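Below, each chain spelled out in residue letters.
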Amino acid sequence: MKMNIRQLFDLVGERRTISQRFDFREEELYGRYPFQSPVECSGEIENRAGVVRLVFCVKFSLDLVCDRCLEPFVRDEELHFAHILVQKLDSGEEDEDYVLCEGGELDLDELVRTDVLLELPSKVLCSENCKGLCPQCGQNLNFGSCKCEKKEIDPRLAVLSQLLDSEDNPADPE
Ligand SMILES: [Zn+2]
Ligand SMILES: [Zn+2]
């Protein structure tokens, strides 16, 4: 649905508040459809000294599956965007900050969709410290360790063992 914002281009000082809800349930991301609840968008368009600026905030939650431990989880997101709206693009303005509103019409749904999808990371982890699955038994190591022999050494211990190795180095004068 396109918004007619011609008046915002015509009148300096004109402003309009945005409060809209979008349905992104059909959007595929990470091989899933994570936008299971509505996407809330709030913001403002303002013509300040002839420059029409759009700022908005998007709030939504994503139904995701961790790439590392394969556990489903929900993540709440809040993203902020700003754009300059123009009725025609001059050369040098072909920047992602500029949004072309032909005939004074803004396709906010499309803009929010593009902004949000570009902003989301390509990989998802349930947490930065996700321990993942045991490669041998498949146990989710976030829920506790398994009985398998540990092949992977804790990175802090790895540094220590490197230090020990270098001390054993025969090239060492000692
Ligand atoms: Zn995880
Ligand atoms: Zn295991």
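The text that follows walks through the structure, step by step, so that each part is easy to find. (Residues numbered from 1 in each chain as written. Chains lettered and ligands numbered in written order. Predicted model: local features only at pLDDT ≥ 70, side-chain atom pairs only at ≥ 80, totals over all residues. Heavy atoms only, no water.)

## Some thoughts on helix H2 (residues 108–119)
Applicable threshold: The way it works is that DSSP assigns letters per residue, a run of H or I at least four long becomes a helix, a run of E at least two long becomes a strand, and they are numbered from the N terminus. Residue count minus one, scaled by 1.5 Å, sets the expected span of a helix. Buried, partly exposed and exposed residues are distinguished by accessible area as a fraction of the type maximum, computed with a 1.4 Å probe on protein chains only: under 20%, between the cut-offs, and over 50%, respectively.
Compared with the 16 Å implied by 1.5 Å per residue over 12 residues, the 16 Å span of H2 between its first and last C-alpha is a close match. Within H2, the full set of buried residues consists of Leu 108, Asp 109, Leu 111, Val 112, Arg 113, Asp 115 and Val 116.

## Here we look at the coordination of the zinc ion (ligand 2)
Our working definition: Distances up to 2.8 Å from the metal define which N, O and S atoms are donors, and 3.2 Å serves for Na, K and Ca; water is absent from the atom set, so sites may look incomplete.
Distances from the zinc ion (ligand 2) to its protein donors, Cys 134 (SG), Cys 137 (SG), Cys 146 (SG) and Cys 148 (SG), fall at 2.3 Å. Here the donor residues of the zinc ion (ligand 2) share one chain and are spaced in sequence as C-x2-C-x8-C-x1-C. A relative accessible area of 43% places Cys 137 in the partly exposed class.

## Examining the side chain of Asp 115
For clarity, the cut-off: As used throughout, the charge tally considers Lys and Arg to be positive and Asp and Glu to be negative, leaving His and the chain termini uncounted. A side-chain nitrogen of Lys or Arg and a carboxyl oxygen of Asp or Glu constitute a salt bridge if their distance falls within 4 Å. Any two residues whose heavy atoms approach within 4.5 Å are treated as being in contact.
Tracing the backbone through its elements, the reader meets Asp 115 in helix H2. Arg 113 is the oppositely charged side chain nearest to the buried, salt-bridge-free Asp 115, at an N-O distance of 11 Å. Beyond its immediate sequence surroundings of up to four residues, Asp 115 is in contact with Phe 56, Phe 81 and His 83.

## So, the packing of aromatic side chains
The condition is simple: Note on ring pairs: Phe, Tyr and Trp rings are taken, using the six-membered ring of Trp, and paired if centres are within 6.5 Å. Classes follow the plane angle, with under 30 degrees stacked, over 60 edge-to-face and the rest tilted.
A complete count under the given rule lists four aromatic pairs for this structure. On the basis of an interplanar angle of 25° and a centroid distance of 6.1 Å, the ring pair of Phe 22 and Phe 24 is categorised as stacked. Among the aromatic residues, ring-to-ring pairing joins Phe 22, Phe 24, Phe 35 and Phe 60 into one connected group.

## Looking at the pairing of strand S5 (residues 72–86)
The cut-off we apply is this: When DSSP finds two or more bridges between a pair of strands, those strands are recorded as paired.
Bridge count for strand S4 (residues 51–65) against S5 is 14 bridges, and the pairing is antiparallel. Bridged to Phe 56 within S5 is Phe 81. Joining the antiparallel neighbours S4 and S5 is a turn of six residues, in which Leu 70 adopts a positive phi near 65°. Of the pairings in the sheet, the one linking S5 to strand S6 (residues 98–100) comprises three bridges and is parallel in character.

## Some thoughts on the nonpolar core
This is how the line gets drawn: We call a set of buried residues a nonpolar core when its members are Ala, Val, Leu, Ile, Met, Phe, Trp, Tyr or Cys and they connect through side-chain atoms within 4.5 Å of each other.
In this structure, Ile 45, Leu 85 and Leu 106 are the most contacted members of the largest nonpolar core, which totals 36 residues. Those elements giving two or more residues to this core turn out to be helix H1 (6–10), strand S2 (15–22), strand S3 (39–48), S4, S5 and H2. Per-element tally for this core: the top contributor is S4, with seven residues. For Leu 106, the residues in contact, after removing those within four places along its chain, are Met 1, Lys 2, Met 3, Ile 5, Ile 45, Leu 54, Leu 85, Val 99, Cys 101 and Leu 111.

Everything listed here is a matter of coordinates, which is why it stays silent on function.
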